[in-house]
Amino acid sequence: MWRDDEDLDRELGALPRGDLDPLRAERLRRAAQRVLAEERRLAGRPARRAAVRLWGRVLEPALVAGATGVYLVWAVQKVLSLYQ
């Protein structure tokens, strides 16, 4: 690995740069600023922060997966009813 931070800095500096067009860079910067602002806003409210994370990481994906499954079952049933 690296002996110290200077070795790490030197190795990271040798990596190729990923140049972004200005519009994409600005969109990325604004998205990052939104996330940081939201984290700052929730920092003093641990219960609200936990609720927001529970919704975003567990409940919302589960609801989307459930709705997708229901739609898939409905679509397959409709297609099968055409062949009967």
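Anyway, here's the lowdown on the structure attached to this text. This structure is a prediction, so every number in the text was calculated from the model and none was measured.

Procedures and definitions
- Residues numbered from 1 in each chain as written.
- Predicted model: local features only at pLDDT ≥ 70, side-chain atom pairs only at ≥ 80, totals over all residues.
- Heavy atoms only, no water.
- Helix = DSSP H or I, 4+ residues; strand = E, 2+ residues; numbered from the N terminus.
- Rg over C-alpha atoms; globule rule 2.2 N^0.38 Å.
- Buried < 20%, exposed > 50% of the residue type's maximum accessible area, 1.4 Å probe, protein only.
- Areas by Shrake-Rupley, 256 points an atom, 1.4 Å probe, with all protein chains shown as cover.
- Lys, Arg positive; Asp, Glu negative; His and termini not counted.
- Charge placed at Lys NZ, Arg CZ, Asp CG, Glu CD.
- Salt bridge = Lys/Arg side-chain N within 4 Å of Asp/Glu carboxyl O.
- Patch = residues over 30% accessible without salt bridge, like charges linked within 9 Å, V, L, I, M, F, W, Y side chains within 5 Å.

Some remarks on the overall build of the protein
When you go through the protein residue by residue, the secondary structure sums to three helices and zero strands. When the helices and strands of the protein are listed from N to C terminus, the series reads α-α-α. In terms of C-alpha radius of gyration, the protein reaches 23 Å, well past the compact-globule figure of 12 Å for 84 residues. For the protein, the C-alpha atoms occupy an extent of roughly 70 × 40 × 35 Å along the three principal directions. For the protein, buried positions account for 2% of its 84 residues. When the accessible surface of the protein is summed, it comes to about 8000 Å², and 61% of that surface belongs to carbon and sulfur atoms. Side chains of the protein carry 16 positive and 12 negative charges; the gap between the two charge centres is 14 Å.

A closer look at the pattern of salt bridges
For the structure shown, the criterion picks out seven salt bridges. Among the salt bridges present, the one from E26 reaches R30, with a minimum N-O distance of 2.8 Å. Taken together, the residues span about one helical turn, with E26 and R30 both in helix α2 (residues 22-42) at a distance of four residues. Overall, E26 belongs to the partly exposed group, its relative accessible area being 29%. Ionic pairing is found between R49 and E39, a salt bridge with its closest N-O pair at 2.7 Å. Taken together, the residues span a long stretch of sequence, with R49 in helix α3 (residues 46-82) and E39 in helix α2 at a distance of ten residues.

Topic: a negative patch on the surface
A contiguous patch of negative charge, built from D4, D5, E6 and D9, is present on the exposed surface. Examined against the element boundaries, D4 turns out to sit in the segment before α1 (5-13).

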